[in-house]
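# Geometric and topological summary
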There are 2 protein chains.
Amino acid sequence: MNLIILSDKDRIDEDHFIVSDNRAEHIRSILKLSEGDPVEIGILNGGQGKGKITEIDSEKVCLMTKKMEEVDFDDLTPQIDLICALPRPQTLKKVLLTCGMMAVRRLYLIRANRVEKSYYHSPLLESENYTPFLIEGLSQGKHTRLPEVTIHQRFKPFFEDSLAAIEKNDKSETLRIFPDPQSNQTINRFYDGGAARILLAIGPEGGWVPFETEMMQAHGFQMCTLGRWILRVEHAVTAALSQIEMIHVGNE
Amino acid sequence: MNLIILSDKDRIDEDHFIVSDNRAEHIRSILKLSEGDPVEIGILNGGQGKGKITEIDSEKVCLMTKKMEEVDFDDLTPQIDLICALPRPQTLKKVLLTCGMMAVRRLYLIRANRVEKSYYHSPLLESENYTPFLIEGLSQGKHTRLPEVTIHQRFKPFFEDSLAAIEKNDKSETLRIFPDPQSNQTINRFYDGGAARILLAIGPEGGWVPFETEMMQAHGFQMCTLGRWILRVEHAVTAALSQIEMIHVGNE
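This text gives an overview of the structure that appears in the document.

### Some words on the interface of chain A and chain B
Counting residues at the interface gives 37 residues for chain A and 38 residues for chain B. It is Arg228(A), Trp229(A) and Met246(A) that lose the most area in chain A upon contact with chain B, and together they represent 23% of the buried surface on that side. At the surface where chain A touches chain B, the tally comes to four salt bridges. Here Glu136(A) makes a salt bridge to Arg232(B), at a shortest N to O gap of 2.7 Å. Here chain A is connected to chain B by 18 residue pairs in polar contact (both at pLDDT 80 or more). Those elements that provide at least two residues to the side of chain A that touches chain B are helix 2 (89–101), helix 3 (127–141) and helix 6 (233–250) of chain A. It is helix 6 of chain A that provides the largest number of residues to the side of chain A that touches chain B, a total of eleven residues. When grouped by side-chain class, the residues that make up the side of chain A that touches chain B number 15 nonpolar, 16 polar and six charged.

Now the structure itself:
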């Protein structure tokens, strides 16, 4: 935990919080902090800064937060929305963590031909079950915006209707890409650090089927490569986000 | 498994092999292949190509390999040697898989201030225990060169003696880099796709201490950033290798 993430559930009054779960344990056993010590705090979907420990015992940790630095999430460019063919639950946990860690704005979990129907019955698709993985990612990556997750049951209606409806208020220039082994065009052929938004689609284990790649291309998605090796879904997500990040930061 | 990796242990004669472990199970249950079907084969540290199933039952799969395409591993540029502060065993498994998957040539596991001594007692540091994770990575990434792993007990002697001794026969131009949160220089500031070899050093959870970064800099390592977020060790490995891969492939 590089940031202790606090939310309204932990709040006592405007700037006092109490935690008693793994965050308290982390403060006690890993950071080994005492009363009066400062600690790095992030408010879920809010600011971040230094907090102070006002009380600590084996049950709980009380924290006071003041002068949090507000973050304008609109400045968090490029705004990355990740479309991911719903992976099996163990992989989804890793993808959720990475989305939190690497500041993905939205995660669209969609159906694809090679997605097993049974994955849609996983309890992990409940908000209360997947949110902890997102928060663990925020805490690791050191920022506070919780990614928005939506779950879509069908492939074609997602691209034909849902995506357009969700995005109708996004006026900024959007780059749409999807990695596929057929391509030899690296992401830096499409993205020079300029686009304000990126829609990135990551396929299922085994890849997209031709109908799917054609549908995406018809909706303005360009096929790209992540490199010479065949990656697992969780690695493909990290690889694509890291490549985008290098282009963005390297061109600032 | 995108490639069934075969080794001398599986060999019956020059071009016949028998497997009875998870590879046989994969051929039966996932690929659902029958006698006479072709299957993608890689010979450990050797060629790759199409094999044929000559016999299959619930116990074993017999394979015939012919006309394997030889791979010249010297062409696998950039040759990436990864120095990694020894992580806890669960993380090491992920790093090993990634090294196999993304064609790392050598993995040096080294001591650092923030490496726990107990990690050196893990049974995972035995070749017979770590090799399966490397092979799983090869099988995923679709190539056949087994990364060489060496384990080093001390930090300073590694940089002062061991590294020079191991590398004395490597004459080609080598880029030496290590990611650190202090830097804002992305890898593409140092690497344009040209260097034939890259030595990449990934620190422990919590990062390198100043003595370590100074020692590496004294040995020609340049500090770089992987981006704005604090990554876990396994993600830092994937991120750095992916960024290098994009620069290399994108500039071919």
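### Re the environment of Arg23(B)
All names here are of chain B. Mapping arginine 23 onto the fold places it in helix 1 (residues 22–30). Its relative accessible area of 13% is what places arginine 23 among the buried residues. Separated by 22 residues in sequence, arginine 23 and methionine 1 have C-alpha atoms that sit 8.2 Å apart. If sequence neighbours within four positions are ignored, arginine 23 has contacts with Met1, Ile4, Ile5, Leu6 and Asp10. A distance of 2.8 Å separates a polar side-chain atom of arginine 23 from the backbone oxygen of isoleucine 5. At 2.8 Å, the side chain of arginine 23 and the side chain of aspartate 10 are in polar contact.

### Some thoughts on the sheet that holds strand 8 (residues 106–110) of chain A
Pairing between the strands of a sheet comes from backbone hydrogen bonds, and it takes one of two forms, parallel or antiparallel. Residue and element names in this part refer to chain A. Within the open sheet, the six strands sit side by side as 9-8-7-11-10-12. Their pairing is parallel. Only two strands of the sheet have a single partner each, and these edge strands are strand 9 (148–151) and strand 12 (222–224). Averaged over all pairs of adjacent strands, the angle between strand axes in this sheet comes to 25°, irrespective of strand direction. Bridge count for strand 7 (residues 79–85) against strand 8 is five bridges, and the pairing is parallel. If you follow aspartate 81 over to strand 8, its bridge partner there is arginine 106. Lying on the sheet, helix 4 (residues 155–167) is in contact with strand 7, strand 8, strand 10 (174–179) and strand 11 (197–202); it crosses strand 8 at an angle near 160°.

### Here's the deal with the pairing of strand 10 of chain A
When strand 10 of chain A meets strand 11 of chain A, the two strands line up parallel, connected through four bridges. Across the sheet, the residue bridging to Leu175(A) is Ile198(A), located in strand 11 of chain A.

### A few points about the relation of the copies chain A and chain B
It takes a turn of 180° to lay chain A on chain B, together with a shift of 0.0 Å along the axis; the resulting RMSD is 0.0 Å. On the angle and the small slide along the axis, the relation comes out as a two-fold axis. Interface overlap between copies: 100% of the residues of chain A at the interface are likewise at the interface in chain B, consistent with a symmetric, same-surface contact.

### Observations regarding unusual backbone geometry
The step from Thr77(A) to Pro78(A) runs through a cis peptide bond, and the omega angle for that step is -10°. Within the fold, Pro78(A) resides in the loop between strand 6 (61–65) and strand 7. Positive phi, close to 60°, is recorded for Asn45(A), a residue that is not glycine. Relative to the helices and strands, Asn45(A) is located in the loop between strand 4 (38–43) and strand 5 (48–56). We classify Asn45(A) as partly exposed; its relative accessible area is 43%. Positive phi, normally seen in glycine, also occurs at Lys142(B), with a value near 80°. Turning to its location among the elements, Lys142(B) is positioned in the loop between helix 3 (127–141) and strand 9 (148–151). Among the residues examined, Lys142(B) registers a relative accessible area of 28% and is labelled partly exposed.

Procedures and definitions
- Residues numbered from 1 in each chain as written.
- Chains lettered and ligands numbered in written order.
- Predicted model: local features only at pLDDT ≥ 70, side-chain atom pairs only at ≥ 80, totals over all residues.
- Heavy atoms only, no water.
- Contact = heavy atoms within 4.5 Å.
- Buried area = accessible area lost by both parts, 1.4 Å probe.
- Salt bridge = Lys/Arg side-chain N within 4 Å of Asp/Glu carboxyl O.
- Polar contact = N/O pair within 3.5 Å; in protein donor to acceptor, adjacent residues only side chain to side chain.
- Helix = DSSP H or I, 4+ residues; strand = E, 2+ residues; numbered from the N terminus.
- Nonpolar A, V, L, I, M, F, W, Y, C, P; charged D, E, K, R; others polar.
- Buried < 20%, exposed > 50% of the residue type's maximum accessible area, 1.4 Å probe, protein only.
- Pairing = 2+ DSSP bridges.
- Axes fitted to C-alpha atoms, helices over the stretch in contact; angles between N-to-C directions.
- Least-squares fit on C-alpha atoms with pLDDT ≥ 70 in both.

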